[in-house]
Amino acid sequence: MSNMTKSPKRQLAYVADLNKCIGCQTCTVACKTLWTSGPGQDYMYWRNVETAPGLGYPRNWQSKGGGYKDGVLQKGKIPPMIDYGVPFEFDYAGRLFEGKKERARPSPTPRYAPNWDEDQGAGEYPNNSFFYVPRMCNHCAKPACLEACPNEAIYKREQDGLVVIHQEKCKGAQACIQSCPYAKPYFNAQVNKANKCIGCFPRIEKGVAPACVAECAGRAMHVGFIDDQESSVFKLVKRFGVALPLHPEYGTEPNVFYVPPVLGPRVEMPNGEHTADPKISMTQLEQLFGKQVREVLKTLQAEREKKIKNQPSELMDILIGRRSADMMISPMT
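- An unreviewed UniProt entry lists the protein under the name Perchlorate reductase B, from Dechloromonas agitata.

What follows is the structure, encoded as C-alpha cells:
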C-alpha cells in the first residue's frame, strides 16, 4: 500500500502507568460520550479498561490472531458480536412509569459484556491479585489494519502519525478487523463502515489533550510526541525505558506504552509476614509486555528508594505527576 511507505513527520504517543490506574472507567466514559454515541455504535468502546488477568473486550481478543509474523501480515478472526456483549436494554419505562410488576431485566439476556469479569483477577486470598489495563487503538508505526485494507481507506496522518479510517473510502470489507491483533477497529453494521479511535485529533489540532488523557482521575496517562525530548512520554519510553508496548510480539510497533504494575503488594505468608515476591506474577507481566519487565522493576525500585531517602529522582517526579499539564506538553508544538 502506498500509505505504508509514507512515514509521518512526527509520532504522537501515549503512556499509561498501570501502577496508578484505578479502573474508574472515567476515560472509557469520556471517549464513549464524545465519539461513539451514533447509530450502530452502541457496542463500541474505542477506549476501555480491562481487568487483568481476564478475558478482555472483546472476549479473548488476545487469541484472535492478526498482526505480523516474521514481517508477514497475518489474517486473524473477526470476533462475533456475543464476544463484545450484544447491547441489551432494561425496560425501565415499563417498570418505572407503566406499573409493570416484574423486575427490570436485561433483554436479550446477556452472556458477556465489557467488564464482565471486572476485579476478578487470579489467585486465592490473601494472595489474589489483579490490575487494570486501559486499551485503545495503538496508532502503530506498522499498522496491520492499514496494510490489510483492500480499499486504501486507512492512513497515518502526516502531522502526528495517528491512524485514521477515511469513512468515504471505507467499503466495510472488515479486513482491518481481521488483521488488528488488538481488536480495536469495529464494524458499524448500520452504515457498513469500520470505526475506530481517531486519537482525538480534532482536540490535538487545537492543542488540547485527548479526552482519555485529560479526564484521567488518577493522572495515570501521558501524551506527547515521541521525539520531543521534553515530553514525559519521551522520558518514560526512551530515556528511562520503563514504558513498554503491549504484546510487542505482534509486530505492529505500537505507540501506546505501559509502565508495568510492578510496585504492588507482596506475597503474604500464613503468619502475616510479607515476602519479597510480588503478588502479580512476573511471568504474566512478561507475557503482556515482554522480557524487559524485570529491568523495569529494577529501575523503578531503585528510583523509589531514592525518593524514600529524600534524594532527587526525575523519574519518580514524572510518574507522580503533580501537574497534569506536565503529562500532556503542548501536543501540537
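## Considerations on the side chain of Asp-228
Then, number 1: By the element assignment, Asp-228 lies in the loop between β12 (221-225) and α8 (232-239).
Then, number 2: No salt bridge is formed by the buried Asp-228. Its closest oppositely charged neighbour is Arg-10, at 5.0 Å.
Then, number 3: Asp-228 has contacts with Arg-10, Phe-234 and Ile-329, leaving out every residue within four places of it along the chain.

## A look at helix α10 (residues 293-308)
Note: α-helices contain 3.6 residues per turn, so residues at a spacing of three or four share the same orientation.
Then, number 1: Given a rise of 1.5 Å per residue, 16 residues ought to cover 22 Å, and the 22 Å separating the end C-alpha atoms of α10 matches this to within 8%.
Then, number 2: Every buried residue of α10 is accounted for by Val-293, Val-296, Leu-297, Leu-300 and Glu-303. Viewed along the axis of α10, the buried residues span an arc of 145 degrees, placing them on a single side of the element.
Then, number 3: Lining the buried residues of α10 we find β13 (244-245), β14 (256-259), β15 (266-268), α9 (282-289) and α11 (314-320).

## Looking at unusual backbone geometry
Then, number 1: With an omega of -5 degrees, the peptide bond running from Ala-52 to Pro-53 counts as cis.
Then, number 2: Within the secondary structure layout, Pro-53 lies in the loop between β2 (48-52) and β3 (68-69).
Then, number 3: Residue Pro-108 is reached from Ser-107 by a cis peptide bond, and omega for that bond is -5 degrees.
Then, number 4: With a phi close to 60 degrees, Asn-60 is a non-glycine residue in the positive phi region.
Then, number 5: Considering the arrangement of structural elements, one finds Asn-60 in the loop between β2 and β3.

## What about the environment of Leu-34?
Then, number 1: Structurally, the position occupied by Leu-34 is in helix α1 (residues 26-35).
Then, number 2: Along the primary structure Leu-34 and Ala-211 are separated by 177 residues, whereas in three dimensions their C-alpha atoms are 8.1 Å apart.
Then, number 3: When neighbours within four sequence positions are excluded, Leu-34 is seen to be in contact with Cys-200, Arg-203 and Ala-211.

## Remarks on the layout of surface pockets
Regions of empty space are outlined by a rolling probe, equal in size to a water molecule, passed over the atoms.
Then, number 1: Approximately 210 Å³ is the volume found for the largest pocket.
Then, number 2: Around the largest pocket, the lining residues are Gly-40, Gln-41, Asp-42, Tyr-43, Met-81, Pro-87, Glu-89, Phe-187, Asn-188, Ala-189 and Gln-190.
Then, number 3: By residue class, the composition of the lining of the largest pocket is five nonpolar, four polar and two charged.

## Some words on the pairing of β2
Then, number 1: For β2, a buried count of five out of five residues is recorded, marking the element as mostly surrounded by other parts of the structure.
Then, number 2: Residues Asn-48, Glu-50 and Ala-52 point to one face of β2 and Val-49 and Thr-51 to the other, with burial holding for every one of them.
Then, number 3: Sheet topology places β2 next to strand β7 (residues 131-135); five bridges connect them, and they run antiparallel. Bridge pairing links Thr-51 to Tyr-132 in β7.

## A word on the packing of aromatic side chains
Then, number 1: Here the structure, examined in full by the defined rule, presents 13 aromatic pairs.
Then, number 2: Summarising the aromatic geometry, the rings of Phe-130 and Tyr-132 are spaced 5.6 Å apart at their centres and angled 70 degrees between planes, so their arrangement reads as edge-to-face.
Then, number 3: Using a relative accessible area of 30% as the deciding quantity, one classes Phe-130 as partly exposed.
Then, number 4: Pairing Tyr-258 with Phe-289 gives two aromatic rings, centres 5.8 Å apart and planes at 45 degrees, and the pair type is tilted. Separated by 31 residues along the polypeptide, Tyr-258 in strand β14 and Phe-289 in helix α9 bring together distant segments of the chain.
Then, number 5: The exposure class of Phe-289 is buried, given its relative accessible area of 2%.
Then, number 6: The structure contains a cluster of three or more aromatic residues connected by ring pairs, namely Tyr-43, Tyr-45, Tyr-57, Tyr-84 and Tyr-186.
Then, number 7: Taking NZ or CZ as reference, Arg-135 lies 3.7 Å from the ring centre of Trp-61, over its face.
Then, number 8: Positioned over the ring face of Tyr-68 is Lys-142, at 4.2 Å from the centre of the ring.

Here is what the cut-offs are and how they apply
- Residues numbered from 1 in each chain as written.
- Predicted model: local features only at pLDDT ≥ 70, side-chain atom pairs only at ≥ 80, totals over all residues.
- Heavy atoms only, no water.
- Helix = DSSP H or I, 4+ residues; strand = E, 2+ residues; numbered from the N terminus.
- Buried < 20%, exposed > 50% of the residue type's maximum accessible area, 1.4 Å probe, protein only.
- Lys, Arg positive; Asp, Glu negative; His and termini not counted.
- Salt bridge = Lys/Arg side-chain N within 4 Å of Asp/Glu carboxyl O.
- Contact = heavy atoms within 4.5 Å.
- Expected span 1.5 Å × (residues − 1).
- Arc of directions from axis to C-beta.
- 1 Å grid on protein atoms, 1.4 Å probe; cavity = no way out; pocket = protein on both sides within 12 Å on 5 of 7 lines; lining within 4 Å.
- Points joined across faces, edges and corners; volume = space filled by probe spheres on them.
- Nonpolar A, V, L, I, M, F, W, Y, C, P; charged D, E, K, R; others polar.
- Pairing = 2+ DSSP bridges.
- Phe/Tyr/Trp six-rings, centres within 6.5 Å; stacked < 30°, edge-to-face > 60°.
- Lys NZ or Arg CZ within 6 Å of the ring centre and 35° of its normal.

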